[in-house]
Amino acid sequence: MQGSLSAGSFAAALRDLHLGRETGLLHCAQPGALRSLRFQRGDVIHVLSDQKDERLGETLLRLGVISGEQLVQATAVLVAERKRLGPVLIELGVLSFGQLQEALGRHIRDVFERVLSKLEGQLVFEAVHEDNARPDETRPLLQTGDLVLEATRRMAPAEVTAALGDLARPLALGSGAGMLAAALKLSPSEGFLLSRIDGSTARDALSLLPGDAAEAERSLLGLIACGIAAWGTARRAPAARADDRPRVTRMPVIEGRTPDPVVPAAGSSPTPAAGFPAVPKPGPAAPAPAAAPAGPDPETAKREKQAELRKAIEEAHAALGNETHFEVLGLTRSATEAELKEAYFRLAKRFHPDSCNDEALHDLKPKAEQLFIRIGKAWDVMRNPKARADYEANLPRARPVPQASNTAEPAGPPTPRTQALAAEVEVARANDNVRKAEKLAQEEKYWDAIQLFEAALPIASGNYPLRAHLGLARCYLKNPNWARRGEEQLHKAAQDFPKSIEPPFELARLYRDRGMKARAIGQLRKVLDLKPEYEEAAGLLAELDGGPRTDPAPPAGGLLGKLLGRK
């Protein structure tokens, strides 16, 4: 396997090596740099680079995972004992095994992004027999399928169309599609397409996806590239029977004109057109059927459908804050995997934001978007058996419904006091879940912590929503795939809690680690505007800004400006 490096060739190579369960090195020879991805049985487990700043140690140092002193100490050991850096860092107690897995994943993604940033050069695969592969490789916390999806998303529309080929072919689910879909981070378009794979053709599935056609094709290619979807076998047309009567040959309508019917020549039989019903034999005229009652006109039917959708969106949105994942999907706790999947795809289609594109429903689009996101969150937890079990363990036990006697009076509606008590219990439970999530994060159980943080955030009160935002951000940032989510959570926390110094300080450190000096300085100045005596922020600002900063530059005027002698 070798050729020119492009978005298409790189994505195709990743796909073939991943699905083919290959072992070896995929070399990317780019101008001035040689980078290689090490595959073991189809998974990327390590990367190599001849660029000094892209090696594992320097990458971990730049990301703030280890310090310069720790890197020097580990380097001395690995040179003396001829060991790899990862095991040495574990032996020295610098990283735990889980932290090393995360660090390796971040290193792979860092080099992967460097390859994608300059797609020119040569691509060569060097196969290695599994018996000769390096043993005991630490598996990174990374899904190779996500790399395949990302590379596919960078392909140009022409490359995507050429790679898909004939769209008249039927689609089928790949081997282990359910597990793959649960493990990978699919886009909404990819998730919607997955629900449409039922043996119909690729063209039929693509026609159901709203939005840009090129983006729809790219989503389909991504599903095929990572093995979730595959080309199926064409369905055979039923054999013609000897007593089939001639069929009507239909011609296309061109520019709104109905063509003249095709009349067969004398002495010949019309050629049947596959797929159309046979013309019945002429017989005695049947009595005219009674006239059917006239149905509603199209405009009335359309308005009724819009009213029904409006009511459904309004009611579902009003219940968002109080519903569990099961209630969001309209299921009981005993729901099977098949029931979960059916409920998710039915609701995702019904409440997709594009369902409100009609002008009469345009005002509902923000609510539909919130519903769509909430349904997706419920599905992300419910489709993962472990995440579902952990989530159910934190739900209150369902109490048995007492059997009503014949003489019992019907229960009245809950009183305001009862409702208030129920709300207080929910808030207390959410605040407690934030504390539990913080403890899980300290134990490096980040996925479990994320589930509790997300469930508690809309309900918690006091300073717990801020703690949930910060905890979510820190957990997201542990996974390179979710780095953007982590940054967004910090910005949301800064917006919701403008007087708190923690969100801008966390953002400042994040931007410093990414080398975004100007952004880091801007966030530090916000911190010092809120708390001028914050020494750690002042020291970091002095380090980034090239000198000590005695004036934290508060806004002119106001009480703070007067205290500092500003007019």
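None of these values were measured; they are calculated from a predicted model.

All right, on to the overall build of the chain then. When its secondary structure is counted, the chain shows 24 helices and seven strands. For the chain, the proportion of its 567 residues judged to be buried stands at 37%. Here the contacts in the chain between residues at least 6 apart in sequence split such that 67% fall between residues at least 24 apart. Accessible surface, the chain: about 32900 Å² in total, of which carbon and sulfur atoms supply 55%.

Before going further, it helps to spend a moment on unusual backbone geometry. Negative phi values dominate among residues other than glycine, just as trans dominates among peptide bonds. At Arg-21, a residue that is not glycine, the phi angle is positive and equals roughly 55°. Locating Arg-21 in the fold gives a position in the loop between α1 (7–19) and β2 (24–30). Here Arg-21 falls in the partly exposed class, since its relative accessible area comes to 43%. Of note, Arg-41 is a non-glycine position whose phi angle comes to about 50°, a positive value. The residue Arg-41 is located in the loop between β3 (33–40) and β4 (43–49) in this model. Residue classification places Arg-41 among the partly exposed positions, given a relative accessible area of 39%.

Bringing helix α15 (residues 365–382) into the picture now. Given a rise of 1.5 Å per residue, 18 residues ought to cover 26 Å, and the 25 Å separating the end C-alpha atoms of α15 matches this to within 8%. Considered for burial, the residues of α15 that qualify are Lys-365, Ala-368, Leu-371, Phe-372, Arg-374, Ile-375, Gly-376, Ala-378, Trp-379, Val-381 and Met-382. The inward-facing, buried residues of α15 abut α9 (188–195), α12 (298–318), α13 (325–328), α14 (337–350), α16 (385–393) and α18 (446–456).

Once that is clear, we can look at the pairing of β2. Of all the seven residues making up β2, six are buried; the element is thus mostly covered by neighbouring parts of the structure. Where β2 lies against β3, seven bridges are found, and the strand directions are antiparallel. Note that in β3 the partner of Gly-24 across the bridge is Phe-39. Counting the residues that bridge the hairpin from β2 to β3 gives two residues, and of these Gly-32 lies at a positive phi of roughly 80°. Relative to strand β5 (residues 122–127), β2 runs antiparallel, the two sharing six bridges. Its bridge partner being in β5, His-27 is matched across the sheet by Val-124.

Turning our attention to the sheet that holds β2. What the five strands build is an open sheet, ordered β1-β5-β2-β3-β4; its pairing is antiparallel. Strand pairing shows two members of the sheet lacking a second neighbour, β1 (2–4) and β4, which therefore form its edges. Strand-to-strand twist of the sheet, defined as the mean angle between neighbouring strand axes without regard to direction, takes the value 20°. Lying over the sheet, α1 contacts β1, β2, β3, β4 and β5, oriented at roughly 175° with respect to β2.

On to the nonpolar core, then. One finds Phe-10, Leu-14 and Leu-26 to be the most contacted residues of the largest nonpolar core, which totals 50 residues. Leave out the neighbours within four places in its chain, and Leu-14 touches Leu-26, Leu-37, Phe-39, Phe-112, Leu-147, Val-148 and Ala-151. By size, the runner-up hydrophobic cluster in this structure holds 30 residues, among which are Leu-309, Leu-331, Ile-375 and Val-381.

Running from N to C, helix α22 (residues 517–530) and helix α23 (residues 535–545) cross one another at 150°; their axes reach a closest spacing of 10 Å. Considered as vectors, α22 and α23 are oriented roughly antiparallel to each other. Crossing handedness for the pair α22 and α23: left-handed. Contacts from Lys-517, Ala-520, Ile-521, Leu-524, Arg-525, Val-527 and Leu-528 in α22 reach Ala-537, Ala-538, Leu-540, Leu-541, Leu-544 and Asp-545 in α23. For the contact of α22 with α23, a count of residues per class yields 10 nonpolar, no polar and three charged.

This paragraph deals with the pattern of salt bridges. Summed over all chains, the structure comprises 27 salt bridges. For Asp-43, the salt bridge goes to Arg-21, with nearest N and O atoms at 3.9 Å. Linking Asp-43 in strand β4 with Arg-21 in the loop between α1 and β2, this pair joins segments that are 22 residues apart in sequence. Among the residues examined, Asp-43 registers a relative accessible area of 21% and is labelled partly exposed. As a salt-bridge pair, Glu-506 and Arg-509 come within 3.5 Å of each other at their nearest N and O atoms. Remark: Arg-509 and Glu-506 occur in helix α21 (residues 502–513); sequence separation between them is three residues, near one turn of the helix.

Bringing α23 into the picture now. Regarding α23, the residues found buried are Ala-537, Leu-540, Leu-541 and Leu-544. The arc that holds every buried residue of α23, seen down its axis, measures 100°, which confines them to one face. Facing away from the buried side of α23, by more than 90 degrees, are the exposed residues Glu-535 and Glu-543.

Mapped onto the elements, Arg-519 comes out in helix α22. Of the residues examined, Arg-519 reaches a relative accessible area of 49% and is grouped as partly exposed. In the structure, Arg-519 is positioned 11 residues away from Ala-508 in sequence and 7.1 Å away in space, judged by C-alpha atoms. Beyond its immediate stretch of four places on either side in the chain, Arg-519 contacts Glu-487 and Tyr-511.

All right, on to the side chain of Gln-523 then. Residue placement: Gln-523 occurs in helix α22. Judged by relative accessible area, Gln-523 falls into the buried class, the value being 8%. When near neighbours in sequence (up to four residues on either side) are disregarded, Gln-523 contacts His-491, Pro-504, Leu-507, Ala-508 and Tyr-511.

With that settled, consider the pairing of β5. Of the pairings in the sheet, the one linking β1 to β5 comprises three bridges and is antiparallel in character. Residue pairing across strands places Ser-4 opposite Gln-122, the latter belonging to β5.

We now examine the environment of Asp-43. Along the backbone, Asp-43 and Gly-145 are 102 residues apart, and their C-alpha atoms lie at a distance of 8.4 Å. In contact with Asp-43, not counting residues within four places along its chain, are His-18, Arg-21, Arg-38, Arg-139 and Thr-144. A distance of 3.4 Å separates the side chain of Asp-43 from the side chain of Thr-144, its partner in a polar contact.

Criteria and thresholds
- Residues numbered from 1 in each chain as written.
- Predicted model: local features only at pLDDT ≥ 70, side-chain atom pairs only at ≥ 80, totals over all residues.
- Heavy atoms only, no water.
- Helix = DSSP H or I, 4+ residues; strand = E, 2+ residues; numbered from the N terminus.
- Buried < 20%, exposed > 50% of the residue type's maximum accessible area, 1.4 Å probe, protein only.
- Contact = heavy atoms within 4.5 Å.
- Areas by Shrake-Rupley, 256 points an atom, 1.4 Å probe, with all protein chains shown as cover.
- Expected span 1.5 Å × (residues − 1).
- Pairing = 2+ DSSP bridges.
- Axes fitted to C-alpha atoms, helices over the stretch in contact; angles between N-to-C directions.
- Core = buried A, V, L, I, M, F, W, Y, C linked by side-chain atoms within 4.5 Å.
- Parallel < 35°, antiparallel > 145°, perpendicular 65-115°, else oblique.
- Left-handed = near helix turned anticlockwise from the far one by under 90°.
- Nonpolar A, V, L, I, M, F, W, Y, C, P; charged D, E, K, R; others polar.
- Salt bridge = Lys/Arg side-chain N within 4 Å of Asp/Glu carboxyl O.
- Arc of directions from axis to C-beta.
- Polar contact = N/O pair within 3.5 Å; in protein donor to acceptor, adjacent residues only side chain to side chain.

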